[in-house]
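Remarks on the overall topology
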Amino acid sequence: NPRVWGWDEMSEIAEILERARHRRWECLPEPDGFAILAALGLTPPAALEFEHPDDLAPEELASLVGERVVLKAVCPDLSHKTEAGAVSILPRQIEAIRAAARKMVSDLAERSLQGFLLQEWIDYDQDVGGALMVSLRWDREFGPVLTCGPGGLQAEILGQDLKADRGLCLVSPRVDRGSSLNSALAATTAVKLMTTSHRQRPPRLPCETLVGTHRAL
């Protein structure tokens, strides 16, 4: 649920983006992206950051709940981590995490590896409609553009194969007057699968929560 945010949050976001511009990053490192979401009042998974495989301490690991964790390499020049072996789902055990981090150091030797992000595992419905991709980008012609569509490992395939007017929700915050965002989201196939009931299966998420996420962005 997004909160009301003001100058402090704006300053934090501006500082993160200015640092990325100064370093000429084309993609934000994941920790920075999650910091922006947190500044907007959205709640990312609990996480730890460390630079080298042996930097992670057992007492730090205890702060993450659950039996599994997700280890991600922090590489500003790597946008698709799964294909590069830069994401690993592991048991919450210090030696298993350190071993996976060492392997990433070796596998990503040609990349600008800056460290690691270790996150709590969030259990979710892995069927179609169980995950959504939500993004905000700046278009040279249209300005800010919000996008919502299928998420997860099948995002690209589903986005290509769904009907052109149903695969993605595209909205300009500059022209949205309230109802247009709601109706655009409701017409998107992936959103329907997540926010409506079918075959006696209840909605996974209230549509109002998704609308609130978009409004925060």
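Here goes a summary of the coordinates provided. (Residues numbered from 1 in each chain as written. Predicted model: local features only at pLDDT ≥ 70, side-chain atom pairs only at ≥ 80, totals over all residues. Heavy atoms only, no water.)

1. Comments concerning the packing of aromatic side chains
For clarity, the cut-off: Only Phe, Tyr and Trp rings take part, Trp by its six-membered ring, and two of them pair if their centres are within 6.5 Å. Stacked means planes under 30 degrees apart, edge-to-face means over 60, and tilted covers everything else. Runs of H or I in DSSP of at least four residues are treated as helices and runs of E of at least two as strands, each being numbered from the N terminus. In this scheme, a residue with accessible area under 20% of its type's maximum is buried, one over 50% is exposed, and one in between is partly exposed, where area comes from a 1.4 Å probe on protein chains only. In this analysis the charged atom, NZ for Lys or CZ for Arg, is taken to sit over a ring once it is within 6 Å of the ring centre and within 35 degrees of the ring normal.
A full pass over the atoms with the stated rule returns two aromatic pairs. Pairing Phe50 with Phe116 gives two aromatic rings, centres 5.3 Å apart and planes at 25°, and the pair type is stacked. Here Phe50, found in strand 1 (residues 47-50), pairs with Phe116, found in strand 4 (residues 115-120); they are 66 residues apart in sequence, far enough to count as distant. The burial state of Phe50 is the same as that of Phe116; both residues are buried. Consider the rings of Trp121 and Tyr124, whose centres lie 6.4 Å apart with planes at 45°: the pair is tilted. Given the relative accessible area of 40%, Tyr124 is considered partly exposed. Sitting above the plane of the Trp121 ring, Arg68 keeps its charged end 4.4 Å from the centroid.

2. Observations concerning the sheet that holds strand 5 (residues 132-139)
Operational definition: Two strands pair under a simple rule: DSSP has to find at least two bridges between them. Angles here are taken between N-to-C directions and fall from 0 to 180 degrees, while the axes themselves are lines fitted to C-alpha atoms, restricted in helices to the stretch in contact. A contact between two residues is defined here by any heavy atoms of the two lying within 4.5 Å.
Read from one edge of the open sheet, three strands run 5-6-7, paired in antiparallel fashion. One side of each edge strand has no neighbouring strand; the edge strands of this open sheet are strand 5 and strand 7 (169-171). Pairwise comparison of adjacent strand axes, ignoring direction, gives a mean angle of 15° for this sheet. By the bridge criterion, three bridges tie strand 6 (residues 143-150) to strand 7 in an arrangement that is antiparallel. Looking at strand 7, one finds that Leu146 is bridged to Val171. Relative to strand 6, helix 8 (residues 207-216) is tilted by about 150°, and along the sheet it contacts strand 5 and strand 6.

3. Here's the deal with the side chain of Gln119
For Gln119, the location among the structural elements is in strand 4. Taking relative accessible area as the criterion, Gln119 reaches 3% and is therefore assigned buried.

4. Looking at a nonpolar patch on the surface
Using the following cut-off: For patches, a residue must show more than 30% relative accessible area and have no salt bridge; joins then use 9 Å for like charges and 5 Å for nonpolar side chains, namely Val, Leu, Ile, Met, Phe, Trp and Tyr. Surface accessibility in these figures is a Shrake-Rupley result with a 1.4 Å probe; residues are shielded only by whichever protein chains are displayed. For salt bridges, the criterion is a side-chain nitrogen of Lys or Arg within 4 Å of an Asp or Glu carboxyl oxygen.
Residues Met133, Leu168 and Leu170 make up a contiguous nonpolar surface patch of roughly 270 Å² in combined accessible area. Looking at the secondary structure, you find Met133 in strand 5.

5. Remarks on helix 2 (residues 30-39)
Every buried residue belonging to helix 2 is among Pro31, Asp32, Phe34, Ile36 and Ala39, and all of these are buried. Among the residues trailing helix 2, Gly41 stands out with phi positive, at a value near 90°.

6. Considerations on the pairing of strand 2 (residues 68-74)
On a regular strand, each side chain points to the face opposite its neighbour's, so the side chains alternate between the two faces of the sheet. The buried fraction of strand 2 amounts to six of the seven residues, a majority that puts the element mostly inside the structure. Relative to strand 3 (residues 87-91), strand 2 runs antiparallel, the two sharing five bridges. If you follow Val70 over to strand 3, its bridge partner there is Ile89. Here six bridges tie strand 2 to strand 4, and the two strands are oriented antiparallel to one another. Bridging from a neighbouring strand, Val69 pairs with Glu120 of strand 4.

7. Quick notes on the nonpolar core
We count it as follows: We call a set of buried Ala, Val, Leu, Ile, Met, Phe, Trp, Tyr and Cys residues a nonpolar core when their side-chain atoms join them within 4.5 Å.
Grouped together as the largest cluster of nonpolar side chains are 20 residues, with contacts concentrated most on Phe50, Leu56, Leu71, Ile97, Leu108 and Leu118. By residue number, the principal contributor to this core is helix 4 (residues 94-107), which donates five residues. Discounting residues that sit within four places of it in the chain, Leu71 has contacts with Phe50, Ala86, Val87, Ser88, Leu90, Ile97, Ala100, Ala101, Met104, Phe116, Leu117 and Leu118. Counting residues in hydrophobic clusters, the runner-up holds 11 residues, among them Val171, Leu181, Met194 and Val211.

Purely geometric stuff here, so don't read any function into it on its own.
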